[in-house]
Amino acid sequence: MSFIIFKNSQLMKKQVFLGPILRAAYFTIAMIAAWMCLNTFLSSSIWEGMTVSKSALNVEYCEFNNVEKLFHQSMNTYSNLAYFFFGVLILNIASTDHKNKNTSNRLERFPLLSVFMGICFIYLSFGSAFFHASLTWVGQRMDMNGTYSISIGLLGIGLYHVFYKINLTNRQKTLYIIALGILILAFFKIHLMVTSSILLPVLILTNLVLTMTHYFQFRKERFIIIPILSLILMVIAVKIRTLDVQKVGCDPHSWYQGHSVWHLLTAISSFCSYAFFRFTKI
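Everything in this summary refers to the structure shown in the same document. All figures in this text were calculated on a predicted structure; none of them were measured in a lab.

A few words now on the overall build of the protein chain. Scanning the protein chain for helices and strands turns up 10 helices and 0 strands. Each helix and strand of the protein chain, ordered N terminal to C terminal, gives the series α-α-α-α-α-α-α-α-α-α. Projecting the C-alpha coordinates of the protein chain onto the three principal axes gives extents of approximately 65 × 40 × 35 Å. When the accessible surface of the protein chain is totalled, it reaches about 15,000 Å², and 71% of it is carbon and sulfur. For the protein chain, the centre of its 23 positive side-chain charges and the centre of its 10 negative side-chain charges are spaced 18 Å apart.

In structure tokens form, the structure reads like this:
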């Protein structure tokens, strides 16, 4: 009997995950089509009058800056849809969690936190796409703030799980989300005062510490392979991004761009960090 219950539970988890994946794929395909139409029918004049970013002036990335197109860096723009896919996926998971009242999973019982995480992914998708499409100063600010939003969202999830003995009321959960949102807004100023080469590693390291702490709290319930995979993907992504900035093996007109791969790998890595808390063995 227990074996049958376990098999039914596993089947239910697969079904719950398959539906959100398909819906996320449909939305992403639709967004690809919409962005292609924008890039085809709108001109780059839309960016006129905006301050050009230092990244563009210094030619930070390998991809050619095609100022005649709406998307100045097409591959680096489209690749941000990886964040969009995972953002929509997490929102769909949150929707499923909202309907499931009988669960022992701590994150599943707090679907609003997953909604917040999904929005952070989508925010980064549009913020980074805006930057690579326009190569403007304001675009770069949104790109970086979106990046910090992912880290802050994961930080909120990590803290919520490490301090698992604290049970929040619905009102306290709402205030928790508001506090995380305010912190993200504050980073618009903070990241102008502290370089990203310090801020991002600190946030990533903090999230890693929280993840490992929670793993040792509940080793029988958690998949250690997930955070390991997340870390490996992040290390590879950083290496590829560094090579792209250094113009190693650089072909500005190629469909392959190192920074685009950075977008894909960091999107998967960030989702793995979320999945570690959302999915358990039992």
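Turning our attention to the pattern of salt bridges. Once the charged atoms of two side chains with opposite charge are near each other, the side chains can pair. Scanning the entire structure with this criterion turns up 3 salt bridges. Residue Glu60 is joined to Arg241 by a salt bridge in which the shortest nitrogen-to-oxygen separation is 3.4 Å. Here Glu60 is found in the loop between helix H2 (54–57) and helix H3 (74–78), whereas its partner Arg241 is found in helix H9 (residues 225–245), with 181 residues between them in sequence. Across the salt bridge formed by Arg278 and Asp97, the nearest N and O atoms sit 2.6 Å from each other. Taken together, the positions of Arg278 in helix H10 (residues 258–278) and Asp97 in helix H4 (residues 81–99) put the pair 181 residues apart, joining distant regions of the chain. Asp97 carries the same exposure label as Arg278, and that label is buried. Look at the salt bridges and you will find they share partners, linking Asp97, Glu108 and Arg278 into a network.

The next point concerns a nonpolar patch on the surface. The grouping of Met50, Trp137, Val138, Leu192 and Met193 at the surface amounts to a nonpolar patch, some 500 Å² of accessible area in total. Put simply, the parts of the chain that give the nonpolar patch at least two residues each are helix H6 (137–162) and helix H7 (170–193). Checked against the element boundaries, Leu192 lands in helix H7.

Attention now goes to the packing of aromatic side chains. Scanning all chains against the criterion turns up 15 aromatic pairs. Between Trp35 and Phe126, the ring centres sit 5.9 Å apart and the planes meet at 70°, which makes this aromatic pair edge-to-face. In this pair, Trp35 is assigned in helix H1 (residues 2–41) and Phe126 in helix H5 (residues 111–134), connecting sequence segments 91 residues apart. Given a relative accessible area of 36%, Phe126 falls into the partly exposed group. With 5.4 Å between their ring centres and 65° between their planes, Tyr215 and Phe216 make a pair best called edge-to-face. On the basis of relative accessible area, Phe216 is assigned to the exposed category, the value being 53%. Sitting over the face of the ring of Trp137, Arg141 holds its NZ or CZ atom 5.2 Å from the ring centroid.

Let us look at H4. Over its 19 residues, H4 runs 27 Å from end to end, which matches the ideal 27 Å to within 8%, given 1.5 Å per residue. The buried fraction of H4 amounts to 14 of the 19 residues, a majority that puts the element mostly inside the structure.

A few words on the state of the cysteines. Applying the stated criterion across every chain, the model contains 1 disulfide. Residue Cys272 stays outside any disulfide, its sulfur separated by 17 Å from that of Cys120, the closest cysteine.

Let us look at the side chain of Gln257. Examined against the element boundaries, Gln257 turns out to sit in the loop between H9 and H10. On the accessibility criterion, Gln257 (2% relative accessible area) is buried. In contact with Gln257, not counting residues within four places along its chain, are Cys62, Glu63, Met75, Asn76, Asp244, Asp251 and Pro252.

Judged by nonpolar contacts, the single largest core of 57 residues is most densely connected at Leu113, Met117 and Tyr274. Secondary-structure elements contributing two or more residues to this core are H1, H4, H5, H6, H7, helix H8 (196–217), H9 and H10.

With that settled, consider unusual backbone geometry. Of note in this structure, Val59 is not a glycine but carries a positive phi near 50°. Here the phi dihedral of Leu135 falls at roughly 55°; this positive angle occurs in a residue that is not glycine. Topologically, Leu135 is positioned in the loop between H5 and H6. What makes Leu135 buried here is its relative accessible area of 3%.

Relative to each other, H4 and H10 sit at 20°, their axes nearing to 8 Å. Considered as vectors, H4 and H10 are oriented roughly parallel to each other. Crossing of H4 over H10 shows right-handed handedness. Along its contact with H4, which presents Ala82, Tyr83, Phe86, Leu89, Ile90, Ile93 and Asp97, the element H10 presents Trp262, His263, Leu264, Thr266, Ala267, Ile268, Phe271, Tyr274 and Arg278. Looking at the contact of H4 with H10, its residues break down into 12 nonpolar, 2 polar and 2 charged.

Analysis parameters
- Residues numbered from 1 in each chain as written.
- Predicted model: local features only at pLDDT ≥ 70, side-chain atom pairs only at ≥ 80, totals over all residues.
- Heavy atoms only, no water.
- Helix = DSSP H or I, 4+ residues; strand = E, 2+ residues; numbered from the N terminus.
- Areas by Shrake-Rupley, 256 points an atom, 1.4 Å probe, with all protein chains shown as cover.
- Lys, Arg positive; Asp, Glu negative; His and termini not counted.
- Charge placed at Lys NZ, Arg CZ, Asp CG, Glu CD.
- Salt bridge = Lys/Arg side-chain N within 4 Å of Asp/Glu carboxyl O.
- Buried < 20%, exposed > 50% of the residue type's maximum accessible area, 1.4 Å probe, protein only.
- Patch = residues over 30% accessible without salt bridge, like charges linked within 9 Å, V, L, I, M, F, W, Y side chains within 5 Å.
- Phe/Tyr/Trp six-rings, centres within 6.5 Å; stacked < 30°, edge-to-face > 60°.
- Lys NZ or Arg CZ within 6 Å of the ring centre and 35° of its normal.
- Expected span 1.5 Å × (residues − 1).
- Disulfide = S-S within 2.5 Å.
- Contact = heavy atoms within 4.5 Å.
- Core = buried A, V, L, I, M, F, W, Y, C linked by side-chain atoms within 4.5 Å.
- Axes fitted to C-alpha atoms, helices over the stretch in contact; angles between N-to-C directions.
- Parallel < 35°, antiparallel > 145°, perpendicular 65-115°, else oblique.
- Left-handed = near helix turned anticlockwise from the far one by under 90°.
- Nonpolar A, V, L, I, M, F, W, Y, C, P; charged D, E, K, R; others polar.

Purely spatial values, then, with no claim about function.
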